[in-house]
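What follows is each chain in one-letter form.
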Amino acid sequence: MSDEIKSFQSIDKLKVVSGIGPEKTSSHKTLSKISVHKSPKHVQSVASIVCRICHTNTVNEALISPCNCKGSLAYVHLSCLERWLNQSSRSYCELCMFRYSSVQTKRYGLCRGIRLWMGHPRNRGHVRSDAIIAVLLTLVTSGLLTCSFLGMEYFVSEGGKLGIQRKWIRTSVSMFILAVVMGYVVTIYLIIRDQVIPWHRWWISTVDIRLVLPSSVNCKFFKGNDSVSSQM
Ligand SMILES: [Zn+2]
Ligand SMILES: [Zn+2]
């Protein structure tokens, strides 16, 4: 069996793994159709080519050169790169500013996102104090409205004794009710907006990034003490 046929067989077993965590298997991409050209000019020292993130060149995963970085920083494992991008919430190379083609999906669903946000120590106290204010405000507003509606006739009769016309008493109480309701609605709106806007900003920016590699990406597969170059 020639060296080239052996190379094809070993490359057939290689997979580029994308994604991190439990969703890893969804985006496995088998490199079965890669054309490998092994010639002396492509053979380099294995020790000199390592992943710029984990500083290894394992035989289990190909090293790729996905951006414009050159030299010792050119190569990286796809899984290492995606993990780094997910942790840093970036979709570009911070060295050469190359913007990767990527698919971004929300990391958390709505309910889980809200739960995680509210449970975070940084937000917990703020959420709790706003919730207490909202509950107290609701109780006070309910009490004022109940008193206003139930006491309308009492205010009218008391006003009559002082010579104030019935319609003025009713108008004044109605205006008071309107002011209480508007004050309540505006305050609750401000409290909710104060909580929802930062949560929403965090929720939409917390994404899982999966790279979509162009066909021209350089790959290096390690076989024994040699490396084999190819293009995806
Ligand atoms: Zn790596
Ligand atoms: Zn780069």
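Residues numbered from 1 in each chain as written. Chains lettered and ligands numbered in written order. Predicted model: local features only at pLDDT ≥ 70, side-chain atom pairs only at ≥ 80, totals over all residues.

A count of helical and extended segments in the protein chain gives 6 helices and 8 strands. When the helices and strands of the protein chain are read in sequence order from the N terminus, they spell out α-β-β-β-β-α-β-α-α-α-α-β-β-β. Residues classed as buried in the protein chain amount to 13% of the 232 residues present. If you take every contact in the protein chain between residues at least 6 apart in sequence, the share linking residues at least 24 apart comes to 64%. (Helix = DSSP H or I, 4+ residues; strand = E, 2+ residues; numbered from the N terminus. Buried ≥ 20, exposed ≤ 12 C-beta atoms within 10 Å, placed from the backbone. Contact = placed C-beta atoms within 7 Å.)

This next bit is on the UniProt feature "transmembrane region" (unreviewed entry) in the protein chain. Summarizing the sequence annotation, UniProt attributes the feature "transmembrane region" (unreviewed entry) to residues 131-152 and 172-192 in the numbering used throughout. Spanning residues 131-152, this segment combines 95% helix with 0% strand, and its end C-alpha atoms are found 31 Å apart. Helix makes up 100% of residues 172-192 and strand 0%, and the two end C-alpha atoms of the span are 30 Å apart. (UniProt positions renumbered as here; feature names shortened; annotations may be inferred.)

Turning next to the confidence of the model for the protein chain. For the protein chain, the average pLDDT comes to 78, and 75% of its residues sit at 70 or higher. Confidence drops under a pLDDT of 50 for residues 1-44, and excluding neighbours within four residues, the segment shows 63 contacts in the predicted structure. (pLDDT = per-residue confidence, 0-100.)

For an α-helix the count is 3.6 residues per turn, leaving residues at separations of three or four pointing the same way. The end-to-end C-alpha separation of helix H6 (residues 166-205) is 58 Å, in line with the 58 Å expected for 40 residues at 1.5 Å each. For H6, the tally of buried residues reaches only 2 of 40 residues, placing the bulk of the element at the surface. (Expected span 1.5 Å × (residues − 1).)

Okay, the nonpolar core next. Listed in full, the 11 residues of the largest apolar core are Ala 62, Leu 63, Ile 64, Tyr 75, Val 76, Leu 78, Leu 81, Leu 85, Ile 209, Leu 211 and Cys 219. Every element with two or more residues in this core is listed here: strand S3 (63-65), helix H2 (78-88) and strand S6 (207-211). Of the residues forming this core, the biggest block, 3 residues, is contributed by H2. (Core = buried A, V, L, I, M, F, W, Y, C linked by C-beta atoms within 7 Å.)

Here the focus is the packing of helix H5 (residues 152-161) against H6. Look at H5 against H6: their axes get within 9 Å of each other, and the N-to-C directions meet at 135 degrees. The angle between H5 and H6 places the two elements in the oblique class. The crossing of H5 and H6 is right-handed. Across the interface between the two elements, Met 152, Phe 155, Val 156, Gly 159 and Gly 160 of H5 pack against Arg 166, Ile 169, Arg 170 and Val 173 of H6. (Axes fitted to C-alpha atoms, helices over the stretch in contact; angles between N-to-C directions. Parallel < 35°, antiparallel > 145°, perpendicular 65-115°, else oblique. Left-handed = near helix turned anticlockwise from the far one by under 90°.)

Within the chain, His 55 stands out as a residue other than glycine whose phi angle is a positive 60 degrees. Note on placement: His 55 falls in the loop between strand S2 (29-30) and S3. Positioned with a positive phi, Met 97 is a non-glycine residue whose angle comes to about 65 degrees. Looking at the element boundaries, Met 97 is found in the loop between H2 and strand S5 (102-106).

With that out of the way, let us pick up the packing of helix H4 (residues 121-150) against H6. Where H4 meets H6, the closest approach of the two axes is 10 Å, and the angle between their N-to-C directions is 170 degrees. Taken as axis vectors, H4 and H6 run roughly antiparallel relative to one another. Judged by the sense of rotation from one axis to the other, the crossing of H4 with H6 is left-handed. In this structure, H4 contributes Val 127, Asp 130, Ile 133, Ala 134, Leu 137, Thr 141, Leu 144, Leu 145 and Ser 148 to the contact, and H6 contributes Val 173, Phe 176, Ile 177, Val 180, Tyr 184, Thr 187, Ile 188, Ile 191, Asp 194 and Gln 195.

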